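Report on the structure
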Amino acid sequence: MIRTPLRPLARILKARHQGENPDAIERENIRLRHEEMRDRDRRRAEGRLLVMGAMFFCAFIVIGGRMAVLAQSEPAEPRASAAGASILAQRADIVDRKGRILATNFDTHSLYAQPQQMIEPERAVRELVKIFPDLDQDRLMRDFTGKRKFLWIKKKISPEQRQAVHDIGEPGLLFGPREMRLYPNGKLAAHVLGGASFGREGVHAAEVIGVAGIERFYDDRLRDPAQGHEPLKLSIDLTIQSAIEQVLHGGMRLMNAKGAAAVLMDVHTGEVISIASLPDFDPNDRPRPAVSGDASDSPLFNRAVQGVYELGSTFKIFTVAQAMDLGLINPETMIDTKGPLRQDGFSIRDFRNYGSSLSATTVIVKSSNLGTARIAQMIGASRQQDFLKSLGFFEPTPFEIIEAAGGKPLLPARWNELSTMTISYGHGLSSSPLHLAAGYAAIANGGTYVKPTLLHKPRVEPGPRVMSEKSARAARDMLRKVVSEGTASMGEVPGYAVGGKTGTADQPKPTGGDYDDKVIATFATIFPAHDPKYVLVVTLDEPVETSGKEPRRTAGWTAVPVAAEIIGRVAPLLGLRPEIEPAPLADITLTSN
């Protein structure tokens, strides 16, 4: 910028020549310079005000447009959601192995309020409380007469309730369509299905999401629009599930147990035909998870997969089967049963004195701790670990309900010789009833491990071999003798040749040690023993049989009769006809004439 000098020489000389005052020229130039600066600053300020005015005008246009859009949109609770995401309400059905509905969708309505549109809010509150007695009248009154513009009243209402609200005639009470998850069989197979709830919500739609069980495990598949027309088919048989839950509930009450579990599994495919845990719940009205106390006291606790227990003498057959497979013993090998057996300061004893020796078969039939422990000594810790690992006892079962991941077996911190001996008869290693069912299935099917599954799979690839067919057959014969001659005599079911093993383990105290009067009683069975098709595991939590002079808690008196009743009830439903058990062939001696 070129600035004019305040005292330009030419004008100063001319002014002096004419006798004028040169200072007047300087004052005039200062005045002109100030006026120029003032005009320049005014133009700059006017430009800035014009830009700000244009910006405010644009902002008001945007806000006004957004308000117009909101005024025409549906009212809804503010929720964080991904831009452009839409609410998908449709969810695929879940059916049993015969196509019968276990979980489906049901069209209903939600009820919400816009208090500012209400004419008689006080009357609306009184009428709503009559229809929904669980509503808080005082809180509803505050909401209806306050500054709230939107509130949910009920996320799900029945057609009768909708009509009753409609009859109130209040324009501020509005309905939105809803698709909810319906379990038409109520509590049946509750722990398998788990339950569903609402995810993202609007007044005209709600996202149905799985919260537990197979609903949670296969949530993405069930919500996939591409597969919405195709139901998820389970291995569960609805009729058999109902029969087992009914008998198990009666057995639990009869034996005064606080809980019970049962697993019925196809030994060749691994399909779980029924899996039950009691107490249970209605997935249509799923209770809230417990926030204090023992988790197993909640009806949401799934004893069949989450319950990790010492399963007692049911483990003995694994020890004997492995020893036979290794060629260390055969069914007739005599085992030293003199006791007590001392190891690392602990004593191992039998329930009764069975003499100085028993055959390997009789060790199982009589359920000898001493005999099993001495067989385990022959096997050794390393080989025992490898065998139990091959049967799945080191990891949670790969089962298609979300809770199964929490059923990780509890292993000893140091697997020494004492651990080897106690684990051989089911103490020192805790696992779930589902683990036990998979282990017994390997014995029943001829020595291959099959993974338990909830999906209907008529054909499956054979699993890894864990023992020879010969060892598995010998183990099945022993299990049959346990029922026909041994500790599980009350498990006999005419026509079905039941084989199995009992197990009774003391409950551990939270402070250490075991309770004297609290046990886990288990009966693991295969049937028919000469041609096994199914394995059944029944577990009772703290049972007490009180029909005699003294209370009886062992599995032979508690879990065994319950399992026998279940087999007698469901075997015909499984298509198994009663048959005469094949007798062993007599030895034939050839003679000459």
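All values derive from a computational prediction rather than experimental measurement.

**Considerations on the overall build of the protein**
Assigned secondary structure in the protein consists of 17 helices and 18 strands. In terms of overall size, the protein is more extended than a compact globule, its C-alpha atoms giving a radius of gyration of 40 Å where 593 residues would be expected to give roughly 25 Å. In terms of principal-axis extent, the alpha carbons of the protein reach across some 175 × 70 × 50 Å. Split by element, the accessible area of the protein, about 30,400 Å² in all, is 53% carbon and sulfur.

**Regarding the packing of aromatic side chains**
Evaluated as defined, the whole model comprises ten aromatic pairs. On the basis of an interplanar angle of 85 degrees and a centroid distance of 5.5 Å, the ring pair of Phe150 and Trp152 is categorised as edge-to-face. Of the two residues examined, Phe150 and Trp152, each falls in the buried class. Between the aromatic rings of Phe394 and Trp415, the centroid separation amounts to 5.7 Å while the plane-to-plane angle is 20 degrees, which identifies the pairing as stacked. Placement of the pair is Phe394 in the loop between helix 13 (381-390) and helix 14 (417-424) and Trp415 in the loop between helix 13 and helix 14, with a sequence separation of 21 residues. For the pair formed by Phe394 and Trp415, the shared burial category is buried. An aromatic cluster of at least three residues, connected via ring pairs, comprises Phe315, Phe318, Phe393 and Tyr440. The aromatic ring of Phe175 is capped on one face by Arg162, whose charged end is 4.9 Å from the ring centroid.

**Section: the side chain of Thr422**
Position of Thr422 relative to the elements: it lies in helix 14. When neighbours within four sequence positions are excluded, Thr422 is seen to be in contact with His427 and Gly428.

**A few points about the confidence of the model for the protein**
Of the residues in the protein, 94% have a pLDDT of 70 or more, and the chain-wide mean is 89. With pLDDT under 50 throughout, residues 79-85 is counted as low confidence; its partners more than four residues away or in other chains account for five contacts. Below a pLDDT of 50 lies the segment residues 587-593, which in the model reaches zero contacts outside its immediate sequence neighbourhood of four places, other chains included.

**Considerations on the nonpolar core**
Taken as a class, soluble globular proteins show a tendency for nonpolar side chains to be buried jointly. Core analysis: the largest hydrophobic core is formed by 118 residues, its most contacted members being Leu264, Phe318 and Phe527. At nine residues, the largest contribution of residues to this core is made by helix 15 (residues 433-444). When near neighbours in sequence (up to four residues on either side) are disregarded, Phe527 contacts Leu264, Tyr496, Ala497, Val498, Pro532, Lys533, Tyr534, Leu536, Ile567, Ala571, Leu574 and Leu576. Judged by nonpolar contacts, the second largest core, of 19 residues, contains Met118, Phe132, Leu140 and Ile168.

**Concerning the sheet that holds strand 18 (residues 534-541)**
If you trace the five strands from one edge of the open sheet to the other, you get 9-8-18-17-16, paired in antiparallel fashion. Two strands in the sheet have a free side with no partner beyond their single neighbour: strand 9 (272-278) and strand 16 (499-508). Across the sheet, the mean angle separating the axes of adjacent strands is 10 degrees when strand polarity is ignored. Sheet topology note: the strand 17 (residues 514-527)/strand 18 ladder contains eight bridges and is antiparallel. Residue pairing for strand 18: Ala521 is matched across the bridge by Leu540. Across the sheet, helix 9 (residues 238-254) lies against strand 8 (259-266), strand 9 and strand 18, angled at about 30 degrees from strand 9, the strand it touches most.

**Quick look at the layout of surface pockets**
Roughly 1,200 Å³ of volume is contained in the largest pocket. Considering the residues around the largest pocket, the lining is formed by 36 residues, among which Ser313, Phe351, Asn369, Thr504 and Thr554 are closest to the centre. When contributions to the lining of the largest pocket are tallied by element, the ones reaching two or more residues are strand 13 (346-348), helix 11 (360-366), strand 16 and strand 17. Forming the walls of the second largest pocket are 23 residues, and the residues nearest its centre are Asp294, Val308, Tyr309, Gln507 and Pro508. At the level of secondary structure, the elements contributing two or more residues to the lining of the second largest pocket comprise strand 10 (309-310), strand 16 and strand 17. Split by residue class, the lining of the second largest pocket holds eight nonpolar, seven polar and eight charged.

Criteria and cut-off values
- Residues numbered from 1 in each chain as written.
- Predicted model: local features only at pLDDT ≥ 70, side-chain atom pairs only at ≥ 80, totals over all residues.
- Heavy atoms only, no water.
- Helix = DSSP H or I, 4+ residues; strand = E, 2+ residues; numbered from the N terminus.
- Rg over C-alpha atoms; globule rule 2.2 N^0.38 Å.
- Areas by Shrake-Rupley, 256 points an atom, 1.4 Å probe, with all protein chains shown as cover.
- Phe/Tyr/Trp six-rings, centres within 6.5 Å; stacked < 30°, edge-to-face > 60°.
- Buried < 20%, exposed > 50% of the residue type's maximum accessible area, 1.4 Å probe, protein only.
- Lys NZ or Arg CZ within 6 Å of the ring centre and 35° of its normal.
- Contact = heavy atoms within 4.5 Å.
- pLDDT = per-residue confidence, 0-100.
- Core = buried A, V, L, I, M, F, W, Y, C linked by side-chain atoms within 4.5 Å.
- Pairing = 2+ DSSP bridges.
- Axes fitted to C-alpha atoms, helices over the stretch in contact; angles between N-to-C directions.
- 1 Å grid on protein atoms, 1.4 Å probe; cavity = no way out; pocket = protein on both sides within 12 Å on 5 of 7 lines; lining within 4 Å.
- Points joined across faces, edges and corners; volume = space filled by probe spheres on them.
- Nonpolar A, V, L, I, M, F, W, Y, C, P; charged D, E, K, R; others polar.

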